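# Structural features, examined
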Amino acid sequence: MSTMKAAVLKGPHTVVLEDIARPTITEPTDVILKVERTAICGTDLHPYESRLELEDDVVLGHEFLGTIVAAGPGVANFSEGDRVVASCVVSCGACYWCRRGNPGRCAGVRIFGMGITFGDLVGGQAEYVLVPNADLTLKAIPEGADDDDMLFVGDIITTGYEAVRRSIRPGDTVAIVGAGPVGLCAAMSAEVLGASQVFVVDRVPARLKEAEQYGAIPVNFDEVDPQDAVYDLTDWRGADLVIDAVGHETALQSATRLVAGGGTISIPGAYVEESIPLPFGELWIKGVTIEGGVANIVNYMDEVTTLIMAGKLRPSSLISHRMGLSEVSEAYRMFHEREATKIVLDPSK
Ligand SMILES: [Zn+2]
Ligand SMILES: [Zn+2]
């Protein structure tokens, strides 16, 4: 049996590079990718910090692109040698929810590298990865595209884009809570999708500076009351659309204060807790709509790619560090300590 190097989560805060079996095609609709770039995502911190039920060692990673080295006989749209990016979410394409355009709700939904909670799918922080249901899961990388931009089409830019896209109306004021990679991707997307003003709320000056570069108004909650800052510039209405790009109860509480009456809170941040304290009376009085759940990545990969090719979205600007897969333990430590915004790993190093 041939082996490969992979980033394996052995326990809380412990990721090591290990030799494991190289994947082989098991279903006719599978492909095997040789991974050329892979990134660490904020969602990887859920397994890393043991917030998910994990039975065994888990190969992490759900943002990756590469070249197809083997394709099952049931794969119609791709073949060996094609360069592709994979949606981090794998769905069946045929169930009740998939047929209604909701692949994130798929009865058999799986996410790469998240353990048994999300279908036990081996992750892509490795030299090779098996991609199921390839015709639906994969997006071809167009000629002339920048790999660093396309890497994020499988997750953060498309996740941030959907969070805005599904609720925005032209001219809306958008407030984004959390200037991590998904929050910054939502800020870029809001500018493209017709927001009149975009606020980004965080406390890290460097990240707020980055948000400013995408045209957003930075709000440092250590310096000002975010509600005052947003209400001051919206005729005291609040934001029509608030994005909770954090996934923590304090962020949702902040979103509740920032949102305008009749507005929407859209939640790309992942909640894995069973319950959290919420100011529900305020949400009810304001008549707020809440949207969230596992992202419908495949619905928007084409749109996002077109906007990248047109130069209107450039998620590669988020990359702060490049490291070899062999340095994955240190990479996770840095990302966990917030020493890096976005780390791209090269499996050949
Ligand atoms: Zn992710
Ligand atoms: Zn389905």
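Predicted model only: the values in this text are computed from it and were never measured. (Residues numbered from 1 in each chain as written. Chains lettered and ligands numbered in written order. Predicted model: local features only at pLDDT ≥ 70, side-chain atom pairs only at ≥ 80, totals over all residues. Heavy atoms only, no water.)

## Quick word on the domain arrangement of the chain
In terms of domains, the chain is made up of domain 1 (3-155 + 296-346) and domain 2 (160-292). The distance between the C-alpha centroids of domain 1 and domain 2 comes to 27 Å. Between domain 1 and domain 2, the contact holds 19 residues from the first and 15 residues from the second. It is Y300, L318 and T341 that lose the most area in domain 1 upon contact with domain 2, and together they represent 32% of the buried surface on that side. Run the count over domain 1 and domain 2 and you get one salt bridge. At the boundary of domain 1 with domain 2, the tally comes to four residue pairs in polar contact (both at pLDDT 80 or more). By residue number, the principal contributor to the side of domain 1 that touches domain 2 is helix 11 (residues 297-309), which donates four residues. Its residues assigned to classes, the side of domain 1 that touches domain 2 shows eight nonpolar, four polar and seven charged. (Domains from an automatic or database assignment. Contact = heavy atoms within 4.5 Å. Buried area = accessible area lost by both parts, 1.4 Å probe. Salt bridge = Lys/Arg side-chain N within 4 Å of Asp/Glu carboxyl O. Polar contact = N/O pair within 3.5 Å; in protein donor to acceptor, adjacent residues only side chain to side chain. Helix = DSSP H or I, 4+ residues; strand = E, 2+ residues; numbered from the N terminus. Nonpolar A, V, L, I, M, F, W, Y, C, P; charged D, E, K, R; others polar.)

## Digging into the coordination of the zinc ion (ligand 1)
Around the zinc ion (ligand 1), the protein contributes the donor atoms C41 (SG), H62 (NE2) and D155 (OD), at 1.8 to 2.2 Å from the metal centre. Read N to C, the donor residues that coordinate the zinc ion (ligand 1) are spaced as C-x20-H-x92-D. Of this pair, H62 sits in the loop between strand 4 (58-59) and strand 5 (63-71) while D155 sits in the loop between helix 4 (147-150) and helix 5 (156-165); the two residues are 93 residues apart in sequence, bridging distant segments of the chain. Looking at H62, the relative accessible area reads 2%, which means it is buried. (Donors = N, O, S within 2.8 Å, 3.2 Å for Na, K, Ca; no water. Buried < 20%, exposed > 50% of the residue type's maximum accessible area, 1.4 Å probe, protein only.)

## Observations concerning the coordination of the zinc ion (ligand 2)
Every protein donor of the zinc ion (ligand 2) is listed here as C92 (SG), C95 (SG), C98 (SG) and C106 (SG), and their distances to the metal cover 2.3 to 2.4 Å. One can describe the donor arrangement at the zinc ion (ligand 2) as tetrahedral, given that its four donor atoms subtend angles of 104 to 116° at the metal. Read in sequence order, the donor residues for the zinc ion (ligand 2) give the motif C-x2-C-x2-C-x7-C. The exposure class of C92 is partly exposed, given its relative accessible area of 37%. (Tetrahedral: all angles 85-135°; square planar, octahedral: opposite > 155°, others 65-115°.)

## A short note on the pattern of salt bridges
Counted according to the given criterion, the structure contains 20 salt bridges. When the shortest N-O distance is used, the salt bridge between R37 and D147 registers 3.4 Å. In this pair, R37 sits in strand 3 (residues 31-39) while D147 sits in helix 4, placing the two residues 110 residues apart along the sequence. When its relative accessible area of 23% is taken as the criterion, R37 is described as partly exposed. Residue class for D147 comes out buried when judged on its relative accessible area of 14%. The closest approach of N and O atoms between D147 and R83, which form a salt bridge, is 2.8 Å.

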